[in-house]
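Given next are the chains, with one letter for each unit.
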Amino acid sequence: DDVLWVDSPYVADRYADADLTREGRWVTSGDRGSVDAGRVIVHGRDDVVVTGGATVHTADVESALGAGVVVVGVPHPTFGALVTAVVAPDADVAALRDTARRTLSPAQRPRAWFRLDRLPTTPSGKTDRRALAAQVADLAAGADAAGAAS
């Protein structure tokens, strides 16, 4: 995936939930995408999950659930993506689910929970959200959510 840039006289000055980045005539909201057989496929941004038509900011969910939780979107055939929480092996998932029910809107609540020993990182040491989302999607697809946290 690469970042999508457009050149159009119909681009707004601002996006609904983010500033646009401009370089000359070209504009981006930060959405990633690809081109397949001449069709542009929009994959979204690393910091949001579009699920069932709702836009969920991962930072909002992580803030509500506390340190040690990383939230990513995992592709879903009906909803577009599922809000998915990744936690350490010793995390109290029952307590985290309770916190999610009490503090988050239904769209923001993680629908899948995974325990991982290590998170993939970028060369700068930050969590590599794309790699993590791909890893969790593989786990979910390969074992029908085997390895999912209880």
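Residues numbered from 1 in each chain as written. Predicted model: local features only at pLDDT ≥ 70, side-chain atom pairs only at ≥ 80, totals over all residues. Heavy atoms only, no water.

Student: I tried to follow the nonpolar core on my own but got confused; where do I start?
Tutor: Soluble, globular proteins show a tendency: their nonpolar side chains are buried together. Ranked by size, the top nonpolar core spans 16 residues in total, and within it Val61, Leu65, Val69, Val87, Leu96 and Trp113 carry the most contacts. When contributions to this core are tallied by element, the ones reaching two or more residues are helix H1 (58-65), strand E9 (80-87) and helix H2 (93-103). The element that contributes the greatest number of residues to this core is E9, accounting for four residues. Discounting residues that sit within four places of it in the chain, Leu96 has contacts with Leu65, Val69, Val87, Ala91 and Trp113. Counting eleven residues, the second largest nonpolar core, distinct from the first, contains Val70, Val72, Val74 and Ala112. (Core = buried A, V, L, I, M, F, W, Y, C linked by side-chain atoms within 4.5 Å. Buried < 20%, exposed > 50% of the residue type's maximum accessible area, 1.4 Å probe, protein only. Helix = DSSP H or I, 4+ residues; strand = E, 2+ residues; numbered from the N terminus. Contact = heavy atoms within 4.5 Å.)

Student: Quick question: what am I supposed to make of H2 here?
Tutor: For the α-helix, the turn length of 3.6 residues means that residues three or four positions removed from each other point alike. Residues of H2 that are buried: Val93, Leu96, Thr99 and Ala100. Buried residues of H2, seen end-on, are gathered within an arc of 115° and therefore sit on one face of the element. Exposed residues lying more than 90 degrees from the buried face of H2 are Ala94, Arg101 and Arg102. Of the surrounding elements, those touching the buried residues of H2 are H1, E9 and strand E10 (112-115). (Arc of directions from axis to C-beta.)

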